[in-house]
Amino acid sequence: MKNFYESKKKLIFWSLIVFICIGIYSFKTQQNYLPPAINGDAHQYLTMSVNIFKHQIITHDSPLIEGTPSNYREFFYPLYISVFYLFLDWEFDYSLCILEKGNQNCELFYDIILVSQIFSLFLLLISFQSFFLKKPKIFIIFLLISLFIILQRGMLFSIGPELLSAVILLNFCIFLRKVFCYSKSKYIIISSFLFISLILIKNVFYYLIFLFLILIPFIFIINYFFKKSTHDNDIYLRFFIVTVITYIMILPYQLRNVIHFNDTALTKRGMEMLTLRNEFLKPSYKKLTEGFYYYSPNFFGYK
């Protein structure tokens, strides 16, 4: 009887998620498409996705430019979008849609991208549903917050990488817990793949590798000399293996960047943003702190 009610609850949640995704798609398709601003993250990801699909190059430079492409960033999200381009008829050159406005042929192009974003949302909600299956109130609160954010005009496309990285991060945590609980190679392999994907979509997670490589041996030593627990050491060893596998699998992409660009960075976007902010961010420290105060929430009426 308990299994019956659990299955019924799961079916209700799945139906709700499907209904929400269809509703968002219907709402968004009624809006006119607008190409993302040039030099913004959305524009670079969109250009990279087309270059990956049409020219098999990982860059947001135009392939018409002579010489080696020089601008690149994390490629997993553009690669994900490019998979959906298989549903397009490329007799029309959809790469024109990256810049053109008001072209009716581009509506299908942006509809396909919208489908990819909604599929990411679907995966995220399903992941949270399975994670909070026994806590439906938390799931409902998360669902309402997600809808509030996503239904803002233009938000769905601009937070596409965050949606996909949230899916990967949540499932990485789920399988990493399985690595801790069970001594099975398949969980180590899946966790490593998810960790690699997470880094190749948001390079900030790359620093976790070095944090884990320093922290895990330190914990291992403390546990060995003070707790004398071999079981805990086995857990830390499996976690360490996941980290090492991830680092080794990331190295070929870094080697590729060294060969072509003389740089080990996973993305050049970080340096671009520092340059832009250094050029245009001129307010003094006093003005910046006043801005933080001005935009801070007025919860207690202290302003």
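Look above for the structure.
Everything quoted here is computed from the prediction, not taken from an experiment.

Caption draft 1: How the structure looks around the overall build of the protein. Secondary structure summary: the protein contains twelve helices and zero strands in total. Walking the protein from its N terminus toward its C terminus, one meets helices and strands in the order α-α-α-α-α-α-α-α-α-α-α-α. Going through the 303 residues of the protein one by one, you find that 38% of them count as buried. Within the protein, contacts between residues at least 6 apart in sequence are counted, and of these 70% link residues at least 24 apart. Carbon and sulfur atoms form 68% of the exposed surface of the protein, whose accessible area is close to 18900 Å².

Caption draft 2: The arrangement of the packing of helix H7 (residues 160–181) against helix H8 (residues 185–199) in detail. At a minimum axis separation of 9 Å, H7 and H8 run at an interaxial angle of 155 degrees. Here H8 runs roughly antiparallel to H7, going by the angle between their axes. Crossing of H7 over H8 shows left-handed handedness. Residues Ser 165, Ile 168, Leu 169, Asn 171, Phe 172, Phe 175, Leu 176, Lys 178 and Val 179 of H7 touch H8, and the partners they reach there are Tyr 187, Ile 188, Ile 190, Ser 191, Leu 194, Phe 195, Ser 197 and Leu 198. Tallied by class, residues from the contact of H7 with H8 come to twelve nonpolar, four polar and one charged.

Caption draft 3: Molecular detail of the pattern of salt bridges. According to the stated counting rule, one finds two salt bridges in the structure shown. Measuring nitrogen to oxygen at the nearest pair gives 2.9 Å for the salt bridge that ties Lys 54 to Asp 93. Within this pair, whereas Lys 54 is found in helix H2 (residues 41–55), its partner Asp 93 is found in the loop between helix H3 (76–84) and helix H4 (106–131), the two being separated by 39 residues in sequence. On the accessibility criterion, Asp 93 (29% relative accessible area) is partly exposed.

Parameters and conventions
Residues numbered from 1 in each chain as written. Predicted model: local features only at pLDDT ≥ 70, side-chain atom pairs only at ≥ 80, totals over all residues. Heavy atoms only, no water. Helix = DSSP H or I, 4+ residues; strand = E, 2+ residues; numbered from the N terminus. Buried < 20%, exposed > 50% of the residue type's maximum accessible area, 1.4 Å probe, protein only. Contact = heavy atoms within 4.5 Å. Areas by Shrake-Rupley, 256 points an atom, 1.4 Å probe, with all protein chains shown as cover. Axes fitted to C-alpha atoms, helices over the stretch in contact; angles between N-to-C directions. Parallel < 35°, antiparallel > 145°, perpendicular 65-115°, else oblique. Left-handed = near helix turned anticlockwise from the far one by under 90°. Nonpolar A, V, L, I, M, F, W, Y, C, P; charged D, E, K, R; others polar. Salt bridge = Lys/Arg side-chain N within 4 Å of Asp/Glu carboxyl O.

These figures capture arrangement, not role.
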